[in-house]
Amino acid sequence: MIKHLRSAADLDAGTATLILDTAAEMAALAGREVKKLPTLRGRTVVNLFYEDSTRTRISFEAAAKRLSADVINFSAKGSSVSKGESLKDTALTLQAMGADAVVIRHPASGAPHRLASWVDGSVVNAGDGTHEHPTQALLDAYTMRSRLGRIDGLNVAIVGDVLHSRVARSNVLLLTTLGAKVTLVGPPTLIPVDIAAALSPGTEPSRGGKPKENRTGVSYDLDSVLAGTDVVMMLRVQTERMQDSYFPSAREYSRRYGLDVPRMRKLPEHAIVMHPGPMNRGMEIAPEVADSSRSTIVEQVANGVSARMAVLYLLLGGKA
Ligand code: ASP
Ligand code: CP
């Protein structure tokens, strides 16, 4: 088993499948009266959050507690970070307190990689800048597998602000490793040039078997991809990370790239609608779509606890 989960690229198909299978076992616990396992008793998990979070922070805390670990929640706001303390000194302080795993969310891309060189325990990336969010990709893959029965061969459209989305990057890596085909959809200003180049045929080495060039693509026209899509994953427009104007207006964005009811009707009957949250209701997704029976948005949150339990369990030495 790997020691750290810094990127979805840390996962080959076998390891990712082991995590998803373990998450399924963890999910079975949720139905029981006593939801706790004694597996991580005596181990310490630190949640180190330098950026705001609702779902990820709470679900990592719930996951660690359900495995009986001791949990320390650290939020940069209200800590000595405001006195200028560096990430390295904060990490060494946590190390001195005996952290077996550090779950980190940070605005700087690459922060989990630096952290892993300073602490002895496992490092789990809970979102670093615009880089990656691997446990989100795992819970998304888990949700697809439980709703549609497989990942291999699925057509997944990831739609919207790909440029600023660590969710999109981790999902492209994980889903293509597991055999899905991914189409990135959005305005040209919000599809990074390097992603478009990396996804061009023959430029990217294959991972875990089949040639990657068969599994990825880019489209600037949402309407043309919907009919052939099994999963449509809407991304939040991340205005807090935007320094320039990437589209003429919110209304224009919605008109071209928002998922509303008429567009949802173009999807095949079995297709599901995903969103990592938080949503801009009425912008990238219409409220009627977010609350429809095709939407897995609430399910994704519940699956996040099981997926994160599986990650902590396996990284900290549990067996499948
Ligand atoms: N919550 C996800 C993230 O932190 C997606 C988002 O914020 O739009 O990356
Ligand atoms: N999906 C996600 O990471 O949500 P939070 O930012 O609320 O943690």
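The structure displayed is predicted, hence computed values, not measured ones.

What counts and how
- Residues numbered from 1 in each chain as written.
- Chains lettered and ligands numbered in written order.
- Predicted model: local features only at pLDDT ≥ 70, side-chain atom pairs only at ≥ 80, totals over all residues.
- Heavy atoms only, no water.
- Salt bridge = Lys/Arg side-chain N within 4 Å of Asp/Glu carboxyl O.
- Helix = DSSP H or I, 4+ residues; strand = E, 2+ residues; numbered from the N terminus.
- Buried < 20%, exposed > 50% of the residue type's maximum accessible area, 1.4 Å probe, protein only.
- UniProt positions renumbered as here; feature names shortened; annotations may be inferred.
- Polar contact = N/O pair within 3.5 Å; in protein donor to acceptor, adjacent residues only side chain to side chain.
- Contact = heavy atoms within 4.5 Å.
- Pairing = 2+ DSSP bridges.
- Axes fitted to C-alpha atoms, helices over the stretch in contact; angles between N-to-C directions.
- Right-handed = clockwise from strand over helix to strand, strands pointing away.
- Near = heavy atom within 4 Å.
- Areas by Shrake-Rupley, 256 points an atom, 1.4 Å probe, with all protein chains shown as cover.
- Nonpolar A, V, L, I, M, F, W, Y, C, P; charged D, E, K, R; others polar.

Describing the pattern of salt bridges
What the rule picks out here adds up to 13 salt bridges. When the shortest N-O distance is used, the salt bridge between Asp52 and Lys77 registers 2.6 Å. A residue pair is termed long-range when its members are at least 10 positions apart, and Asp52 in the loop between strand E1 (44-49) and helix H2 (55-66) and Lys77 in the loop between strand E2 (70-75) and helix H3 (87-96) qualify at 25 residues. For the pair shown, Asp52 and Lys77 are each scored as exposed. Here Asp223 ties to Arg263 by a salt bridge, and the two come within 2.8 Å at their closest N and O atoms. Of the two residues, Asp223 is situated in helix H8 (residues 222-225) and Arg263 in helix H10 (residues 261-264); the sequence distance between them amounts to 40 residues. Connected through shared salt-bridge partners, Glu51, Arg166 and Arg241 make up one network.

Concerning the UniProt feature "binding site: L-aspartate" (unreviewed entry) in the protein chain
On the UniProt side, "binding site: L-aspartate" (unreviewed entry) is annotated at positions that read Lys83, Arg166 and Arg236 here. In three dimensions, the annotated residues from a span of 154 residues occupy distinct locations, with a maximal C-alpha spread of 32.2 Å. In this fold, Arg166 is placed in helix H6 (residues 166-177). Among the residues examined, Arg166 registers a relative accessible area of 7% and is labelled buried. Polar side-chain contacts of Arg166 include one of 3.0 Å to the backbone oxygen of Gly129. Examined against the element boundaries, Arg236 turns out to sit in the loop between strand E8 (231-234) and helix H9 (250-257). In contact with Arg236, not counting residues within four places along its chain, are Asp161, His275, Pro278, Asn280 and Glu284.

Observations concerning the sheet that holds strand E6 (residues 181-185)
Across the sheet, which stays open at both edges, the five strands sit in the order E7-E6-E5-E8-E9 with parallel pairing between neighbours. In the strand order of this sheet, the two ends are held by strand E7 (216-219) and strand E9 (272-274), each with one partner. Put simply, the sheet's adjacent strands are angled 20° from each other on average, direction ignored. Note that E6 and E7 share four bridges and pair parallel.

Some remarks on the side chain of Arg294
Mapped onto the secondary structure, Arg294 falls in the loop between helix H11 (287-290) and helix H12 (297-315). Polar side-chain contacts of Arg294 include one of 3.0 Å to the backbone oxygen of Ala271. Arg294 has contacts with Arg147, Met264, Leu267, Pro268, Glu269, Ala271, Ile272 and Val273, leaving out every residue within four places of it along the chain.

Considerations on the UniProt feature "binding site: carbamoyl phosphate" (unreviewed entry) in the protein chain
Under the UniProt annotation, the feature "binding site: carbamoyl phosphate" (unreviewed entry) is placed at Arg55, Thr56, Arg105, His133, Gln136, Gly277 and Pro278. Mapped onto the fold, Arg55 is located in helix H2. Setting aside chain neighbours within four positions, we find Arg55 in contact with Pro276, Gly277, Pro278, Val301 and Arg308. Positionally, Thr56 belongs in helix H2. On the basis of relative accessible area, Thr56 is assigned to the buried category, the value being 5%. Once residues within four sequence positions are removed from consideration, Thr56 is found in contact with Phe49, Arg105, Ala126, His133 and Arg308.

A look at the pairing of strand E4 (residues 122-128)
The buried count for E4 comes to seven of seven residues, which makes it a mostly enclosed element. In terms of strand pairing, strand E3 (residues 101-106) meets E4 through five bridges, oriented parallel. Residue pairing in the sheet places His106 in a bridge with Asp128 of E4. In this region the chain leaves E3, passes through helix H4 (residues 111-116) and returns to the parallel neighbour E4; the handedness of that crossover is right-handed.

Brief notes about the site of ligand 2
Neighbouring ligand 2 are the residues Ser53, Thr54, Arg55, Thr56, Arg105, His133, Gln136, Pro276 and Gly277. With respect to ligand 2, the side chain of Thr56 contributes an N or O atom lying 2.6 Å from an oxygen atom. Contacts to ligand 2 include His133, whose side-chain N or O atom sits 2.9 Å from an oxygen atom. In isolation ligand 2 exposes 250 Å². Once the protein is present, 91% of that is buried. Looking at the shell around ligand 2, its residues break down into one nonpolar, six polar and two charged.

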